[in-house]
Amino acid sequence: MRLWRGLSLLAAALALTACGGRHATRPAAPTGTAERSTHHGWFHRDDTSLPQDRRYGDKTDSSPTGAPPAFIATLPEPVPKAEPRSLYGNKSPYTVLGQSYRVLPSARGYDERGIASFYGNKFHGYKTSSLEEYDMYKFTAASKVLPLPSYARVTNLANGKSVIVRVNDRGPFHENRIIDLSYAAAVRIGVWPKGTGLVEVQGIDPSAPGGEPPAPHTVTADAGSPGIYLQVGAFSDPANAERVAAQLRQANFAPVQVEQVQVNGRTIRRVRVGPLDGVDRADQVTARIEGMGLPRPQVAVD
């Protein structure tokens, strides 16, 4: 689930800059409780008494206990339609935890593979970044870069299951995640109960010619599971690529690969570590690489 969620500065910045000073609405606070803003909405006294890393960490969220409700299997997926941009949540660029992000002009052409997480009970019924109410039993999602609202098809690369989601929230602000799914969406494609999964996210632009949802990614039985790689850098100078690769090998990262690719007519050398055995391992290796003073790695799923 999402590692970093509630960020009052983000909620305030997104709301105020988009709406010329209008204040976000929120659920009424029960008598005697303190509430604080998060970029998903508001949380109550029990959460504010916790330190930030516990309030916003994975272990503070949860999903319903037991088997998922049977009705999730028959829920209709949202039908993509052209919608005006939300007055909230589309400030661009914006900064969270020292990292800057730019919101795309549309979902058209967006196609990215990476790690998905999901969020559940903690934010059910509270406001998303677009100030819609989060309902964990609807097919919605949070993205750092897709406009609010927009639509995307999310396909689990391990089993080929896919779902169309309506993106109405910002996040996840864990550097190794590309999308946060609602509980229902995570159940539908098999990301629940594990908590994370390797996915392909394909943007849908219903206003564009041929803007129908893309076909789901095909997973064949003999294709094998996709691998997680950490790209530590992309260099036009071969010496720079080899220098970074040598640092990683000296620190006992393995395997370390230097791949030569063509990007816009230029020869680029990508330095990668992997494949890695699972999401937890990728997170651990990311932290170690950053601790060496090297650039923050980017997750690549191949």
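What counts and what doesn't
- Residues numbered from 1 in each chain as written.
- Predicted model: local features only at pLDDT ≥ 70, side-chain atom pairs only at ≥ 80, totals over all residues.
- Heavy atoms only, no water.
- UniProt positions renumbered as here; feature names shortened; annotations may be inferred.
- Pairing = 2+ DSSP bridges.
- Helix = DSSP H or I, 4+ residues; strand = E, 2+ residues; numbered from the N terminus.
- Axes fitted to C-alpha atoms, helices over the stretch in contact; angles between N-to-C directions.
- Salt bridge = Lys/Arg side-chain N within 4 Å of Asp/Glu carboxyl O.
- Buried < 20%, exposed > 50% of the residue type's maximum accessible area, 1.4 Å probe, protein only.
- 1 Å grid on protein atoms, 1.4 Å probe; cavity = no way out; pocket = protein on both sides within 12 Å on 5 of 7 lines; lining within 4 Å.
- Points joined across faces, edges and corners; volume = space filled by probe spheres on them.
- Contact = heavy atoms within 4.5 Å.
- Phe/Tyr/Trp six-rings, centres within 6.5 Å; stacked < 30°, edge-to-face > 60°.
- Expected span 1.5 Å × (residues − 1).
- Arc of directions from axis to C-beta.
- Polar contact = N/O pair within 3.5 Å; in protein donor to acceptor, adjacent residues only side chain to side chain.

- If you check an unreviewed UniProt entry, the protein chain appears there as Endolytic peptidoglycan transglycosylase RlpA from Rhodanobacter humi.
- Quoted straight from UniProt, the Function (unreviewed entry) entry for the protein chain says "Lytic transglycosylase with a strong preference for naked glycan strands that lack stem peptides."

**Remarks on the sheet that holds strand S9 (residues 179-182)**
- Strand order in the closed barrel formed by six strands is S5-S9-S6-S8-S7-S10, and the pairing between neighbours is mixed. Mean inter-strand twist for the sheet, computed between neighbouring axes without regard to direction, equals 45°.
- With six bridges connecting them, strand S7 (residues 150-156) and strand S10 (residues 196-204) associate as antiparallel partners. For Thr155, the partnering residue across the bridge sits in S10 and is Glu200.

**Points about the pattern of salt bridges**
- Evaluation of the coordinates by the stated rule reveals nine salt bridges.
- With its nearest N and O atoms 2.5 Å apart, the salt bridge here joins Asp302 to Arg272. Residue Asp302 is found in the segment after strand S14 (298-301), and its partner Arg272 is found in strand S13 (residues 266-276); the two are separated by 30 residues along the sequence.
- Asp302 gets classed as partly exposed once you look at its relative accessible area, which sits at 48%.
- Beyond isolated ion pairs, a larger network of salt bridges with shared partners links Glu259, Arg270, Arg272 and Asp302.

**Quick look at the layout of surface pockets**
- Its volume calculated, the largest pocket comes out at about 550 Å³.
- Lining the largest pocket are 21 residues; nearest its centre among them are Glu112, Lys144, Glu175, Ile178 and Gln298.
- Elements with a contribution of two residues or more to the lining of the largest pocket: strand S4 (99-101), strand S5 (111-119) and S14.
- In terms of residues, the lining of the largest pocket owes the most to one element, S5, which gives four residues.

**Some words on the environment of Ala152**
- Mapped onto the fold, Ala152 is located in strand S7.
- In sequence terms Ala152 and Arg166 are 14 residues apart; their C-alpha atoms lie 6.7 Å from each other.
- In this structure Ala152 touches Leu146, Val163, Ile164, Val165, Val201, Gln202, Gly203 and Ile204, once residues within four positions along its chain are discounted.

**Some remarks on the packing of aromatic side chains**
- Evaluation of the coordinates by the stated rule reveals nine aromatic pairs.
- Where Tyr119 meets Tyr134, the ring centres are 4.4 Å apart and the plane angle is 15°; that geometry is what we call stacked. Taken together, the positions of Tyr119 in strand S5 and Tyr134 in the loop between S5 and strand S6 (140-142) put the pair 15 residues apart, joining distant regions of the chain. By the burial criterion, Tyr119 is buried, and Tyr134 matches it.
- Measuring from centroid to centroid gives 6.0 Å for Tyr137 and Tyr183, while their planes differ by 85°, and the two rings are edge-to-face. Taken together, the residues span a long stretch of sequence, with Tyr137 in the loop between S5 and S6 and Tyr183 in helix H4 (residues 183-189) at a distance of 46 residues.

**What to know about the environment of Pro84**
- Mapped onto the elements, Pro84 comes out in the loop between helix H3 (52-55) and strand S3 (94-96).
- Judged by its relative accessible area of 70%, Pro84 falls in the exposed class.
- Sequence separation of Pro84 and Leu148 is 64 residues, and the distance between their C-alpha atoms is 8.8 Å.

**Some thoughts on helix H5 (residues 238-250)**
- Its 13 residues place the ends of H5 18 Å apart at the C-alpha level, agreeing with the 18 Å of an ideal helix rising 1.5 Å per residue.
- For H5, the full list of buried residues reads Ala241, Val244, Ala245 and Leu248. Along the axis of H5, the buried residues cluster in a sector spanning 100°; they form a single face.
- The elements touched by buried residues of H5 are strand S11 (228-235), strand S12 (256-263), S13 and helix H6 (279-291).
- Where H5 begins, the side chain of Asp237 points an oxygen toward the backbone nitrogen of Ala239, at a separation of 2.9 Å.

**Some points on H6**
- An ideal rise of 1.5 Å per residue puts 18 Å on 13 residues; H6 measures up with 18 Å between its terminal C-alpha atoms.
- Residues Val279, Ala282, Asp283, Val285, Thr286 and Ile289 constitute the buried set of H6.
- Packing partners of the buried residues in H6 comprise S5, S10, S11, H5 and S13.
- Positive backbone phi, approximately 85°, marks Gly293, located one or two places after H6.

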